[in-house]
Amino acid sequence: MPFSMRKSPLALAGILLVAIILGFVMLPAIVVTITAFNDKAILAFPPQSYSWRWFARALSYGDFQKGFWNGLIVTAWASTIALIVGSGFALALHRYAFSLKSTLEAVLLSPLVIPHFTIGLGLLILSAQLTVGRGFPLVVLAHVILVLPFVLRSVFISLQNLDGRLELAASSLGASPRRVLFTVTLPLLVPGLVSGWLFAAILSFNEFTATLFVSNQATQTLPVAMYNYVREYADPTLAALSVIYIVVTALLLTLANLFFGLGKILNVDAH
Amino acid sequence: MKQRPFIGWFVSPAALVALGLAAAMAAILQYSVRAYVPGSLDVGGLTLENFTALLRPLYAWAFWGTILLCLLTATFTLFLAYPVAYALVRVRSKALKSFILIASVTPLFLGEVVRTYSWMIVLGNNGFINSVLKSLGIIDRPLQMMFTTPGVVAALVHVTMPIMVIMLAAGLSHIDRNYEKAAESLGASPVRCFLTVTLPLSMPGIVAGFSTAFAWTFSAFATPQLIGGGKVNTVSTLVYQLGFASFNFPFAASLSLAGLVMTFAVIALMKRAMRPVERLGEQ
């Protein structure tokens, strides 16, 4: 086995191959970081002189600030609604039989394979038919639909790992179903709920294609503002913003890894 | 009947969301059979014209080109992601495992715009690759990589890598290592053991990863739009242009509908084609 054997030529070749591929994965982040510190306004490589000024411009640019706050509003609502809806449905899915169960599950998981532009276009046409305009509720609905599968998966996995005997013990000692749910089941599910919410929040904050269809000037989120910027200007402002993005995301993931074990959340740990 | 406490509270919010999604899809279906009224956002009467227009060369070629782009991207992604997933699951050092995981998964959470922009700097005429090649004296004129299909594929492979690594690693981590130990103790070489035991057993992960990469590539918009720069037309960029440049929402709807049907068909086909191989893995 290439990676478990002592350093045979095969193992060394394997290690080298993985290192090269990881280099390909990290290359854009490295290049964008160097570009962000380029003093000149032209996207040229390598930079002749270095400065922080694009970071200052990225943080003070009006559309980015507005997009950031819009994004926070949409993300807070969408990930919280998705958490409530998704954990309830995961519980029902795990424990109960009910009519249309598999249909409902298939519909709610379908955004994993339906193109985002299709969902965006559909909601846009729907809002036109219902004449409800493109406000925040429409953007939030789009995001809830798109992140729900991830919450469902995360909570469902923690439900599978939950020891059902604890709930049986509680109810045999006379606890009402409500009491069992709030004092036994939900506290035991906290890691799954937090990681599901975190996933939903990160994905929602970064969602672009569907948001492009359903948002307008007043509700555009940060990725949409960034897309509009890159179409108009070619200076390193966006590179500086990308660096902030990459650093914050990597930090959040490292924290999630420390506290919850990312491998467990993503279900890639060996058993 | 078994007691089902709170079932209404658990299911009805989810049913509402599902209803919203179904209504959006129904809206697309309905618009796709309505006539386009130029200069107006209202639609006309029932017609099948939007579907016959799909057969026009521009759209037929873009459709075919998108399918090829998706297949190419999913294949490259599979070959690049498999070694990483394998290393992720099998590497012993905990720190190294965390590093591989963070490095390969972080891009998943960066969003399409940030990643596409980064690739524009890598591939541009004054970008990273051209500068490196020029300073090494390999080329005198910049290689044109922006606005080409290979450029778009490189960026799309990067976009679908993380999800492919996650799905392959999930499949690999569930393999019972005793099968491999048995093969090895019976004298199989590492290569033979990998090809005849590990690879077939990881087939479910490969199928899941490949179909997801296909669907994600089909869904990608910012990458073909910005790196393709109008030279690489995909279904997603055409749908956007039809909707927001010419306000022909009925045609945009029929094009998305055709794309959706195609995505589902390809995924179903892939699962069916891989079934014999999966069965091999189950034996």
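> What is the right way to read the overall build of chain A from this model?
Within chain A, the secondary structure is distributed over twelve helices and zero strands. Mapped in sequence order, the helices and strands of chain A form the string α-α-α-α-α-α-α-α-α-α-α-α. Seen along its three principal axes, the alpha-carbon backbone of chain A occupies a region of about 75 × 65 × 30 Å. Looking at chain A residue by residue over its 271 residues, the buried ones come to 44%.

> Looking at this structure, I do not really get the overall build of chain B. What am I missing?
Looking only at helices and strands, chain B has 13 helices and two strands in total. Summarising its shape, the C-alpha atoms of chain B cover approximately 80 × 75 × 35 Å along the three principal directions. Counting every position in chain B, which comprises 283 residues, the buried fraction comes to 48%.

> Explain the interface of chain B and chain A here, please?
How large an interface is tends to be reported as the accessible area lost when its parts come together. Taken together, the contact pairs 84 residues of chain B with 80 residues of chain A. Examining the composition of the side of chain B that touches chain A, we find that 18 residues originate from one element, helix 1 (residues 7-32) of chain B, more than from any other.

> Help me out: how do you make sense of the confidence of the model for chain A in this one?
Should the pLDDT be low somewhere, the predicted coordinates at that spot are not to be read in detail. When pLDDT is averaged across chain A, the result is 87; 93% of the residues are at 70 or more. Across residues 1-5 of chain A the pLDDT falls below 50, and counting only partners more than four positions away or on other chains, this stretch makes 16 contacts in the model.

> Help me understand the packing of helix 7 (residues 164-172) of chain A against helix 8 (residues 177-206) of chain A in this model?
Two quantities define a packed helix pair, namely the angle between the helix axes and the distance between the axes. Residues and elements named next belong to chain A. Here helix 7 crosses helix 8 at 165°, and the two axes come no closer than 10 Å. Compared by their axis directions, helix 7 and helix 8 come out roughly antiparallel. For the crossing formed where helix 7 meets helix 8, the hand is right-handed. Between helix 7, through Leu166, Glu167, Ala170 and Ser171, and helix 8, the contact on the second element is made entirely by Val180, Val184, Thr185 and Leu188.

> What's the story with the packing of helix 5 (residues 111-123) of chain B against helix 7 (residues 149-173) of chain B in this structure? I'm lost.
Residue and element names in this part refer to chain B. Relative orientation of the contacting elements helix 5 and helix 7 amounts to 140°, with a least axis distance of 10 Å. Considering their axes alone, helix 5 and helix 7 lie oblique with respect to each other. For the pair helix 5 and helix 7, the crossing hand works out as right-handed. Seen from helix 5, the contacting residues are Glu112, Arg115, Thr116, Trp119 and Leu123; seen from helix 7, they are Gly151, Ala154, Ala155, His158 and Val159. Along the lines of polarity and charge, the residues of the contact of helix 5 with helix 7 split into five nonpolar, three polar and two charged.

> Explain unusual backbone geometry here, please?
Among all residues save glycine, negative phi is the norm, and among peptide bonds the norm is trans. Even without being a glycine, Leu100 of chain A presents a positive backbone phi close to 65°. Mapping Leu100 of chain A onto the fold places it in the loop between helix 3 (62-95) and helix 4 (101-109). Notably, Phe247 of chain B is not glycine yet its phi reads approximately 50°, a positive angle. The topology assignment puts Phe247 of chain B in the loop between helix 12 (235-244) and helix 13 (249-282).

> Just to check I follow, could you spell out helix 9 (residues 190-201) of chain B for this structure?
Given 3.6 residues per turn, any residue in an α-helix points the same way as the ones three and four places further on. Residues and elements named next belong to chain B. Taking 1.5 Å per residue as the helical rise, helix 9 with its twelve residues ought to reach 16 Å, and the 15 Å between its terminal C-alpha atoms agrees with that figure. Within helix 9, the full set of buried residues consists of Cys193, Val197, Thr198 and Leu201. One face of helix 9 carries all of its buried residues, which in axial projection span an arc of 85°. Across helix 9 from its buried face, at more than 90 degrees, point the exposed residues Val191, Arg192 and Leu195.

> Even after reading the chapter, I still don't get the confidence of the model for chain B, so can you show me in this structure?
Summary statistics for chain B give a mean pLDDT of 87 and a share of 96% for residues scoring 70 or more. Across the interface, the model reports ipTM at 0.87; the global pTM reads 0.88.

> Looking at this structure, I do not really get the nonpolar core. What am I missing?
In summary, soluble globular proteins display a tendency toward joint burial of nonpolar side chains. Core analysis: the biggest nonpolar cluster contains 165 residues, and Val144 of chain A together with Ala85 of chain B have the highest contact counts within it. Examining the composition of this core, we find that 17 residues originate from one element, helix 7 of chain B, more than from any other.

> I keep staring at the environment of Val74 of chain A and nothing clicks. Help me out?
Along the chain, Val74 of chain A turns up in helix 3. Each C-alpha atom, one on Val74 of chain A and one on Val151 of chain A, is 16 Å from the other, the two residues being 77 residues apart in sequence.

> Explain helix 1 of chain B to me, please; I cannot follow it from the model alone.
Taking 1.5 Å of rise per residue, 26 residues should cover 38 Å, and helix 1 of chain B covers 37 Å from first to last C-alpha, within 8% of that figure. The complete set of buried residues in helix 1 of chain B reads Phe10, Val11, Ala14, Val17, Ala18, Leu21, Ala24, Met25, Ala27, Ile28, Tyr31 and Ser32 of chain B.

Calculation notes
Residues numbered from 1 in each chain as written. Chains lettered and ligands numbered in written order. Predicted model: local features only at pLDDT ≥ 70, side-chain atom pairs only at ≥ 80, totals over all residues. Helix = DSSP H or I, 4+ residues; strand = E, 2+ residues; numbered from the N terminus. Buried ≥ 20, exposed ≤ 12 C-beta atoms within 10 Å, placed from the backbone. Contact = placed C-beta atoms within 7 Å. pLDDT = per-residue confidence, 0-100. Axes fitted to C-alpha atoms, helices over the stretch in contact; angles between N-to-C directions. Parallel < 35°, antiparallel > 145°, perpendicular 65-115°, else oblique. Left-handed = near helix turned anticlockwise from the far one by under 90°. Nonpolar A, V, L, I, M, F, W, Y, C, P; charged D, E, K, R; others polar. Expected span 1.5 Å × (residues − 1). Arc of directions from axis to C-beta. Core = buried A, V, L, I, M, F, W, Y, C linked by C-beta atoms within 7 Å.

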